[in-house]
Amino acid sequence: MINFSKIIGHEHIIEYFQNAITMDKVSHAYILNGPDKSGKMLLAEAFAAALQCEKQQTTPCMECRSCKQAAGRNQPDIVYVTHEKPNTVSVEDIRKQLNDDIVLKPYNSKYKIYIVDEAEKMNAQAQNALLKTIEEPPAYAVIILLTTNADSFLPTILSRCVRLDLKSVSDEKIRSFLMKEKKVPDYQADICVAFAQGNVGKAILLAGSENFSEMKKSAVQLMKRMREIDLYELSQAVKQISEYKLEINDYFDLMMIWYRDVLLYKATADVNRIIFQDEIYSIKKEASHSSYEGIEQILEGLEKAKARIRANVNFELVIELLLLTIKEN
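Residues numbered from 1 in each chain as written. Predicted model: local features only at pLDDT ≥ 70, side-chain atom pairs only at ≥ 80, totals over all residues. Heavy atoms only, no water.

### Examining the overall build of the protein
Within the protein, the regular secondary structure consists of 15 helices and five strands. With the C-alpha coordinates aligned to their principal axes, the bounding extent of the protein is approximately 70 × 40 × 30 Å. Per-residue burial for the protein yields a buried fraction of 48% across its 329 residues. Counting only carbon and sulfur atoms, one obtains 48% of the accessible surface of the protein, whose full area is about 16900 Å². (Helix = DSSP H or I, 4+ residues; strand = E, 2+ residues; numbered from the N terminus. Buried < 20%, exposed > 50% of the residue type's maximum accessible area, 1.4 Å probe, protein only. Areas by Shrake-Rupley, 256 points an atom, 1.4 Å probe, with all protein chains shown as cover.)

### Some thoughts on the sheet that holds strand β3 (residues 112-116)
One open sheet holds the five strands; their spatial order is β2-β3-β4-β1-β5, and the pairing between them is parallel. A single partner strand is all that each edge strand has here, and the edge strands are β2 (78-81) and β5 (162-165). Going across the sheet, the axis of each strand differs from the next one's by a mean of 20°, ignoring polarity. Here helix α2 (residues 40-52) sits on the sheet and contacts β1 (29-33), β2, β3 and β4 (141-147); the angle it forms with β3, its principal contact strand, is near 175°. Against the sheet, helix α4 (residues 91-102) contacts β2, β3 and β4, and its axis sits at roughly 160° relative to β2. (Pairing = 2+ DSSP bridges. Axes fitted to C-alpha atoms, helices over the stretch in contact; angles between N-to-C directions. Contact = heavy atoms within 4.5 Å.)

### Some points on the packing of aromatic side chains
Applying the stated criterion to the full structure yields five aromatic pairs. Ring centres of F17 and Y30 lie 5.5 Å apart, and the angle between their planes is 80°; this geometry places the pair in the edge-to-face category. Residue F17 is found in helix α1 (residues 11-22), and its partner Y30 is found in strand β1; the two are separated by 13 residues along the sequence. Their ring planes at 10° and their centres at 3.8 Å tell us that F17 and F47 sit as a pair that is stacked. With a gap of 30 residues between them, F17 in helix α1 and F47 in helix α2 connect regions that are remote in the sequence. The pair formed by F17 and F47 is uniform in burial state, with each residue classed as buried. Taken together, F17, Y30 and F47 form an aromatic cluster joined through their ring pairs. (Phe/Tyr/Trp six-rings, centres within 6.5 Å; stacked < 30°, edge-to-face > 60°.)

Right, here's the structure in full:
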């Protein structure tokens, strides 16, 4: 469980929730819409804890019995709706865990709160079952739907919920958090921030991921020696990239950040704006041997490679075409 003050960014949503508590205008249903790991669960849990806090404040006190129970996810009036099937929240999940339970009054709290994670996975039957409850909820009920795609909901559900869209958090806030709280060195923080694109959870995950560090090392080593690789060595390079087949879009993004650094340095000669700060010498060297048109061709090639992977074009063929594009430019 986390307090509002510990959440990085999303001030507009925190302010909305706190105003709702202050003015006693808490809605029966909310949609928190944003990318995976963007902070939806943290916001929902902090709001739920604040609503149930025995001190009746706009933020959880974290000292009362209710807050301590909420911190351990065992507050009886904060219910997490789960689903056994990985890709579906079924009608049975909604009926048994929410509809049948919501008619029972809270044990010892003002509200009975239901947090539905991955709510975009509700099938049509589940959404219709939920709709009946949202249309005529008990006075004490609060339903919070967490989703990566609010537009997948039925229009009738959207019209009966307060929709709150999570915005990207500023790079500087994420960078500061990684360096101060997670003790991540500045050059590593810069890469995680550039990669996360405003998503705090993703930045934290990347900062602590050994696999990401290995993938970054692999991608950088390959790009540093691309000019020296002979055509007959390309198959070995394809094999190297194939080790990251499941994370290929992340691998492509690392390559994009690298070539954008090359382009930026070539255009401005400003080393302070480079993301790969620990590879400045190599970035300068690459920039001196590259043309503006060549770098643009490589960046376009990376976008095409992403599109081809999405279209299920043969993996090895996509990588070979990409590497040839890089070598030719």
